[in-house]
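This is what each chain is made of:
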Amino acid sequence: MKRVKKAIIPAAGLGTRFLPATKAMPKEMLPIVDKPTIQYIVEEAIESGIEDIIIVTGKGKRAIEDHFDHAFELEQNLFHKGKIELLKKVQESSKMVDIHYIRQKEPKGLGHAVWCARNFIGNEPFAVLLGDDIVQAKTPCLKQLMEQYEKTKSSVIGVKPVPKNETHRYGIIKAKAASGRLYEVEHLVEKPEIEMAPSNLAIMGRYILSPEIFTFLAKKEIGAGGEIQLTDAIEQLSQIERVFAYHFEGTRYDVGEKLGFILTTIDFALKNSDLKRPLRDYLERVLSEEAAIDNL
Ligand code: UTP
């Protein structure tokens, strides 16, 4: 059985939910406290044992490449000013594993973005991590999926239950058999309406996939939202190979939409030793002022 060594991070989407902020800046570079979202994702991949990462970029995404490169002038400036702690932080992102880039010329959908990286992957199982979901867990989320991949020797998708009225926002699985947190997938459907959803188990942006997936992505079939969907290709893959879903442990943060992004920022700031106290004081003051107004 081949080990999972490579990961794809698709980052070529338009990020329309954050416009106008994402007009000239990639949504993957929006920071949670002081680190861009995509760095959390790269760190999870590295902590899970990934050796090579390919980021799928597109128009207006240069900042991502710059972030993971050396910033010579900035580093010199910090060094001369003796700001060594800051210098270390800046250098962290450029000292990560080998990161490669490929451009998706048009944002035709997640399935198409993954397909763009096919030559880099070759004939090996690989991981896909989306920047929309940050997961905080004792064992990194992707590592949990890798452990399941080693047991099942099959593709494994990360899932979490969501409220029924939110199924239209996710890829949803129908499970055939379950053992603990592991499910065997019977069907998958992208963004079903509430009455069509086969369950409330939603795909959460972490995948281990067999290279056979490229056979189906190559068909470039258009799915939900007029885009080439990864979920549709996995559905076809599940008809010829076993596909599993794993309800991973840990807290999942939805940073792909505004409210989720704000809540994630607050949560991470409350875990930061410098920010915890002043933020808590501020929130308590705002909430008590709100309550006072409500009681007028
Ligand atoms: P999303 O649908 O959440 O990202 O795709 P988006 O399209 O950029 O965001 P909105 O909906 O317009 O606000 C999930 C991930 O897949 C990437 C995105 O960059 C994001 O990280 N993606 C999506 C691509 O790389 N290419 C695409 O064609 C579509």
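Reading the values: rules and limits
Residues numbered from 1 in each chain as written. Predicted model: local features only at pLDDT ≥ 70, side-chain atom pairs only at ≥ 80, totals over all residues. Heavy atoms only, no water. Salt bridge = Lys/Arg side-chain N within 4 Å of Asp/Glu carboxyl O. Helix = DSSP H or I, 4+ residues; strand = E, 2+ residues; numbered from the N terminus. Buried < 20%, exposed > 50% of the residue type's maximum accessible area, 1.4 Å probe, protein only. Contact = heavy atoms within 4.5 Å. pLDDT = per-residue confidence, 0-100. Expected span 1.5 Å × (residues − 1). Near = heavy atom within 4 Å. Polar contact = N/O pair within 3.5 Å; in protein donor to acceptor, adjacent residues only side chain to side chain. Areas by Shrake-Rupley, 256 points an atom, 1.4 Å probe, with all protein chains shown as cover. Nonpolar A, V, L, I, M, F, W, Y, C, P; charged D, E, K, R; others polar. Axes fitted to C-alpha atoms, helices over the stretch in contact; angles between N-to-C directions. Parallel < 35°, antiparallel > 145°, perpendicular 65-115°, else oblique. Left-handed = near helix turned anticlockwise from the far one by under 90°.

(A) Representation of the pattern of salt bridges. Under the criterion given, the structure shown has 17 salt bridges. Here D132 makes a salt bridge to R17, at a shortest N to O gap of 3.8 Å. Here D132, found in the loop between β6 (126-129) and β7 (133-136), pairs with R17, found in the loop between β1 (6-10) and β2 (31-32); they are 115 residues apart in sequence, far enough to count as distant. Classification of D132 as partly exposed rests on a relative accessible area of 22%. Among the charged side chains, a salt-bridge network with shared partners connects D133, E166, R169, R252 and D254.

(B) Geometry of the environment of K108. One can find K108 in the loop between β5 (98-103) and α5 (110-116). In this structure the C-alpha to C-alpha distance between K108 and G226, which are 118 residues apart in sequence, comes to 8.2 Å. When near neighbours in sequence (up to four residues on either side) are disregarded, K108 contacts E227 and I228.

(C) Quick peek at the confidence of the model for the protein. Chain-level pLDDT for the protein is 92 on average; 100% of the residues reach the 70-or-more range. For the protein, the element scoring lowest by mean pLDDT is helix α3 (residues 72-80), at 80; β6 scores highest, at 98.

(D) Looking closely at helix α7 (residues 141-152). A rise of 1.5 Å per residue sets the reference length of α7, with its 12 residues, at 16 Å; its end C-alpha atoms lie 17 Å apart and thus fit the reference within 8%. For α7, the set of buried residues is C141, L142, Q144, L145, M146, Q148, Y149 and T152. K153, located one to two residues past α7, shows a positive phi value of around 55°.

(E) Highlighting unusual backbone geometry. The step from L19 to P20 runs through a cis peptide bond, and the omega angle for that step is 5°. Secondary-structure assignment places P20 in the loop between β1 and β2. Located in the positive-phi region is K153, a residue other than glycine, with phi close to 55°. Residue classification places K153 among the exposed residues on the basis of a relative accessible area of 56%. For K220, which is not a glycine, the phi torsion comes out positive at approximately 50°. Mapped onto the elements, K220 comes out in the loop between α8 (213-217) and α9 (230-240).

(F) Layout of the site of the ligand. Around the ligand sit 17 residues, and of these A12, T16, Q104, G109 and D132 come closest. A distance of 2.8 Å is found between an oxygen atom of the ligand and a backbone nitrogen or oxygen belonging to G15. Here a nitrogen atom of the ligand and a side-chain polar atom of Q104 are 2.7 Å apart. Taken by itself the ligand offers 560 Å² of open surface, and the protein chains cover 88% of this. Tallied by class, the residues present in the shell around the ligand amount to seven nonpolar, five polar and five charged.

(G) Up close: the side chain of T264. By the secondary structure assignment, T264 is in helix α10 (residues 258-270). Looking at T264, the relative accessible area reads 1%, which means it is buried. Within polar-contact distance, the side chain of T264 engages the backbone oxygen of G260 at 2.5 Å. Contact partners of T264, with chain neighbours within four places excluded, come to I32, Y253, D254 and V255.

(H) Representation of the packing of α3 against helix α4 (residues 84-92). Relative to each other, α3 and α4 sit at 160°, their axes nearing to 8 Å. Classified by the interaxial angle, the pair formed by α3 and α4 is roughly antiparallel. You can see that α3 and α4 cross each other, and the crossing is left-handed. From α3, L74, E75, L78 and F79 reach across to α4, where they touch I84, L86, L87, V90 and Q91. Of the residues assigned to the contact of α3 with α4, the class counts are seven nonpolar, one polar and one charged.

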